[in-house]
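Residues per chain, in single letters:
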Amino acid sequence: MHHDVVIVGGGSAGLSAAQALARARRRVVVVDAGAPRNRFASAVHNVFGHDDTPPETLLAKGRTELLRYPTASVIAGTVVDAAPAGSGFSLALADGRALQTRTLILAGGVRDVLPPLDGLAARWGRSVLHCPYCHGFEVAGRALGVFAADAMGLHRALMLPDWGPTTCFLEHGFEPDADDARKLANRGVVLERAPVIRLLGTAPALDGVQLADGRRVAIDALFVGSRVEPVDGLAASLGCVQDMGPLGPHLRVDAFKQTTVPGVFAAGDLSQPMHSVPLAVASGLLAGVGAHQALIAVDAG
Ligand SMILES: Cc1cc2nc3c(=O)[nH]c(=O)nc-3n(C[C@H](O)[C@H](O)[C@H](O)COP(=O)(O)OP(=O)(O)OC[C@H]3O[C@@H](n4cnc5c(N)ncnc54)[C@H](O)[C@@H]3O)c2cc1C
């Protein structure tokens, strides 16, 4: 086997896993397609030591740090197939290259599936936001909107008044029960039941929303819960079991990020129900250590 570990995905999780392995002097290669989930945002927040840094700057620093280690390398490319081969795994890249590895870390992340409302995608990460902890401070004190079609939407609506005056747009006929309605009122959240049919303003800025009954509501930022799904189908084709989280599926892993398939580890958003850069970094470290310990166990016999 040419590599001890191949890591699919060079986002925060994959680079963190690679650093742990490179520092353990193992032959590790990261294959990265270069499309991290937060690429739509102008900066990352709530990342200790790196607050307000452009996502591409943070990842470029991570790659530079990694490449100081002689046993680490990064390949720009997309892994399109992964299969067991001998005592390890064989990977196929879209450009025809092939890699052989003893262990595998899946860190390809998830993609956001947005509600099908015209104009949402063009504002994603700028004025249409997924998480107040990541981007709420930047719109604090301004008129905020939030979509709610379920308990997660209500959860967001209850939080948002800490950042600004909040209008909650109830979707698809969703209605909070009496207890939730009381809590929302206590938090000063205004409820709107007319469907939102259009976003107003020049993207990526937002001036407000157009309601189906003809009214317009002025808001500066809209919080929307996306559904998530794995970026690639590698875990599914390898037979890794997944569980369902509040936003979508994630792989079932143990404390050191081993999936249900021996030798296959997972890190980052793909491996856990809660998503953030620091959580991805932490899970990458665990996966790196997990893969390293698995290699030692085989080498020790
Ligand atoms: C708009 C937005 C803004 C956000 N802002 C913040 C924030 O401010 N602070 C914060 O903490 N979190 C933020 N997040 C969450 C954060 O982006 C994720 O939690 C984090 O990026 C997860 O890291 P990851 O390494 O698991 O995945 P990613 O960062 O998505 O990286 C995965 C990498 O793997 C590559 N890849 C995928 N499949 C393959 C394949 N088959 N072959 C090769 N490469 C592959 C991708 O191209 C990508 O480069 C935000 C999310 C969104 C959607």
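A few points on the structure.

This part takes up the overall build of the chain. In terms of regular secondary structure, the chain is built from eight helices and 19 strands. Scaling as 2.2 N^0.38, a compact globule of 301 residues should have a C-alpha radius of gyration of about 19 Å, and the chain matches this with 21 Å. Across its three principal directions, the C-alpha atoms of the chain cover 70 × 35 × 35 Å. In the chain, buried positions account for 49% of the 301 residues. Sequence separation of 24 or more characterises 56% of the internal contacts of the chain that already satisfy a separation of 6 or more. Put simply, the chain has 26 plus and 28 minus side-chain charges, and the middle of one group is 5 Å from the middle of the other.

The subject of this paragraph is the sheet that holds strand β10 (residues 166–170). Across the sheet, which stays open at both edges, the five strands sit in the order β8-β15-β9-β10-β11 with parallel pairing between neighbours. Each of the sheet's edge strands pairs with one partner strand only, and the pair in question is β8 (128–129) and β11 (190–192). Across three bridges, strand β9 (residues 144–148) lies against strand β15 (residues 221–223) in parallel orientation. Following the sheet pairing, Val 146 is matched in β15 by Phe 223. Sitting on the sheet, helix α5 (residues 151–159) touches β9, β10 and β15, and the angle it makes with β9 is about 160 degrees.

The full set close to the ligand counts 41 residues, and Asp 32, Ala 35, His 45, Asp 269 and Val 277 are the nearest of them. Here a nitrogen atom of the ligand and a backbone polar atom of Val 79 are 2.9 Å apart. Contact between the ligand and Asp 232: a nitrogen atom at 2.9 Å from a side-chain N or O atom of the residue. When the ligand sits alone it has 1000 Å² of accessible area, and the protein chains cover 98% of it. Those elements that provide at least two residues to the shell around the ligand are α1 (12–23), β2 (28–32), α4 (132–135) and α8 (277–300). Here the element with the most residues in the shell around the ligand is α8; it accounts for three residues. Counted by class, the shell around the ligand contains 19 nonpolar, 17 polar and five charged residues. A domain split of the shell around the ligand shows at least three residues from each of domain 1 (3–112 + 227–300) and domain 2 (115–223).

The computed volume of the second largest pocket comes to approximately 370 Å³. Forming the walls of the second largest pocket are 15 residues, and the residues nearest its centre are Ser 16, Gln 19, Gly 62, Glu 65 and Val 281. In terms of residues, the lining of the second largest pocket owes the most to one element, helix α2 (residues 55–66), which gives six residues. Looking at the lining of the second largest pocket residue by residue, the class counts come to eight nonpolar, five polar and two charged.

Within the open sheet, the three strands sit side by side as β12-β13-β14. Their pairing is antiparallel. Edge positions in the open sheet fall to β12 (196–200) and β14 (216–218), since each of these has one partner strand only. Mean inter-strand twist for the sheet, computed between neighbouring axes without regard to direction, equals 25 degrees.

Another point: α2. In an α-helix, one full turn covers 3.6 residues, which means residues spaced three or four apart are oriented alike. In this model α2 runs 17 Å from its N-terminal to its C-terminal C-alpha over 12 residues, within 8% of the 16 Å that 1.5 Å per residue would give. Listed in full, the buried residues belonging to α2 are Pro 55, Leu 58, Leu 59, Gly 62 and Leu 66. The arc enclosing the buried residues of α2, seen along the axis, measures out at 90 degrees, which places them on a common side. Counted as exposed and oriented over 90 degrees from the buried face of α2: Glu 56 and Thr 64. For α2, the secondary structure elements touched by its buried residues are α1, β2, β3 (72–76) and α8.

What counts and what doesn't
Residues numbered from 1 in each chain as written. Predicted model: local features only at pLDDT ≥ 70, side-chain atom pairs only at ≥ 80, totals over all residues. Heavy atoms only, no water. Helix = DSSP H or I, 4+ residues; strand = E, 2+ residues; numbered from the N terminus. Rg over C-alpha atoms; globule rule 2.2 N^0.38 Å. Buried < 20%, exposed > 50% of the residue type's maximum accessible area, 1.4 Å probe, protein only. Contact = heavy atoms within 4.5 Å. Lys, Arg positive; Asp, Glu negative; His and termini not counted. Charge placed at Lys NZ, Arg CZ, Asp CG, Glu CD. Pairing = 2+ DSSP bridges. Axes fitted to C-alpha atoms, helices over the stretch in contact; angles between N-to-C directions. Near = heavy atom within 4 Å. Polar contact = N/O pair within 3.5 Å; in protein donor to acceptor, adjacent residues only side chain to side chain. Areas by Shrake-Rupley, 256 points an atom, 1.4 Å probe, with all protein chains shown as cover. Nonpolar A, V, L, I, M, F, W, Y, C, P; charged D, E, K, R; others polar. Domains from an automatic or database assignment. 1 Å grid on protein atoms, 1.4 Å probe; cavity = no way out; pocket = protein on both sides within 12 Å on 5 of 7 lines; lining within 4 Å. Points joined across faces, edges and corners; volume = space filled by probe spheres on them. Expected span 1.5 Å × (residues − 1). Arc of directions from axis to C-beta.

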